[in-house]
Amino acid sequence: MSGDTGAIEGQVWLVGDRVFVQLERWLEHSPETVWRMLTDSGHLAQWLAPGALEAREGGRVQLDFGNSGMPIDSTVVACRPGELLSYSWSSGDRPERPLSWALMPTETSTRLRLTLSLPENDLVPIACAGWDAHLEMLVAALEGISIHFPAERFRAARVYFEQLREEARSV
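Chemist: Account for the environment of G42, naming residues and giving values.
Modeler: Mapped onto the fold, G42 is located in helix α2 (residues 41-47). A relative accessible area of 43% places G42 in the partly exposed class.

Structure below.
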């Protein structure tokens, strides 16, 4: 099973030397449930990476992606429980890669929007594809299903986001 639950979608735009990306999912769960998946250490390990996140402004974010990426060690810059969580997906002297999770409740679900700010370089499609894949893992984890990193989806998303990046460059 590839873990694919839907079409690959996202928005990409350039502002100066930064690339901004938005990915969204409609989740059939309350904002409180989604918030726990984004902030609880046990849940983070199910869909993102082992580590810890202190869900408060100034709280520490430590995630260990093992061999698949660099460890993250950053600080929460915005935190409104059940609504907004922002921190940098970076570590040490690496370039800042801020991200924000916005949770918007509907009558029966939560609209989750991930916004990324990335340095404009060849790693943008990889970062976008990685987050798209981890969002698929989040969707599965919310349903109590554990899936491996969806490598096929990652490869397809990488091509998709490379195309979006090229389109954004030509505007």
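Chemist: Which residues make up the side chain of R25, and what are the values?
Modeler: In this fold, R25 is placed in strand β2 (residues 18-27). Reaching out from R25, the side chain makes a polar contact with the side chain of D132 at a distance of 2.8 Å. Within the local environment of R25, its side chain forms a polar contact with the side chain of E136, the two groups lying 2.9 Å apart. Those residues in contact with R25 that lie beyond four places of it in its chain are T110, R111, L112, D132, L135, E136, V139 and R153.

Chemist: Kindly report on the packing of helix α3 (residues 124-142) against helix α4 (residues 151-169), identifying the contributing residues and their values.
Modeler: Two packed helices can be described by the angle between their axes and the distance between those axes. With their axes 8 Å apart at the nearest point, α3 and α4 run at an angle of 135 degrees to one another. Between α3 and α4, the crossing angle belongs to the class labelled oblique. Read as a crossing pair, α3 and α4 show a hand that is right-handed. In this structure, α3 contributes V124, P125, I126, C128, A129, G130, D132, A133 and E136 to the contact, and α4 contributes R153, F154, A157, R158, F161, E162 and R165.

Chemist: How would you sum up the packing of aromatic side chains? Please name residues and give values.
Modeler: Within the structure shown, the criterion is met by six aromatic pairs. Over the ring of W89 we find R97; its NZ or CZ atom is 3.8 Å from the centre of that ring.

Chemist: So, the layout of surface pockets: which residues are in play, and what are the values?
Modeler: Empty space within the second largest pocket amounts to approximately 350 Å³. As for the second largest pocket, its lining consists of 19 residues, and the residues nearest its centre are E9, L23, E24, R25 and W26. At the level of elements, β2 and α3 are the ones that each hand at least two residues to the lining of the second largest pocket. Among the elements that make up the lining of the second largest pocket, the one with the highest residue count is β2 (six residues). Among the residues making up the lining of the second largest pocket, the classes are represented as six nonpolar, six polar and seven charged.

Chemist: So what's going on with the sheet that holds strand β7 (residues 98-105)? Which residues, and what values?
Modeler: Strand order in the open sheet formed by eight strands is β1-β2-β8-β7-β6-β5-β4-β3, and the pairing between neighbours is antiparallel. For this open sheet the edge positions go to β1 (11-15) and β3 (51-53), each flanked by a neighbour on one side alone. Mean inter-strand twist for the sheet, computed between neighbouring axes without regard to direction, equals 20 degrees. Where β1 and β2 come together, five bridges link them in antiparallel fashion. In the strand pairing of β2, V15 is matched with R18. Helix α1 (residues 31-39) contacts β2, β3, β5 (72-80), β6 (84-88), β7 and β8 (110-119) of the sheet and is inclined by roughly 160 degrees relative to β7.

Parameters at a glance
- Residues numbered from 1 in each chain as written.
- Predicted model: local features only at pLDDT ≥ 70, side-chain atom pairs only at ≥ 80, totals over all residues.
- Heavy atoms only, no water.
- Helix = DSSP H or I, 4+ residues; strand = E, 2+ residues; numbered from the N terminus.
- Buried < 20%, exposed > 50% of the residue type's maximum accessible area, 1.4 Å probe, protein only.
- Polar contact = N/O pair within 3.5 Å; in protein donor to acceptor, adjacent residues only side chain to side chain.
- Contact = heavy atoms within 4.5 Å.
- Axes fitted to C-alpha atoms, helices over the stretch in contact; angles between N-to-C directions.
- Parallel < 35°, antiparallel > 145°, perpendicular 65-115°, else oblique.
- Left-handed = near helix turned anticlockwise from the far one by under 90°.
- Phe/Tyr/Trp six-rings, centres within 6.5 Å; stacked < 30°, edge-to-face > 60°.
- Lys NZ or Arg CZ within 6 Å of the ring centre and 35° of its normal.
- 1 Å grid on protein atoms, 1.4 Å probe; cavity = no way out; pocket = protein on both sides within 12 Å on 5 of 7 lines; lining within 4 Å.
- Points joined across faces, edges and corners; volume = space filled by probe spheres on them.
- Nonpolar A, V, L, I, M, F, W, Y, C, P; charged D, E, K, R; others polar.
- Pairing = 2+ DSSP bridges.

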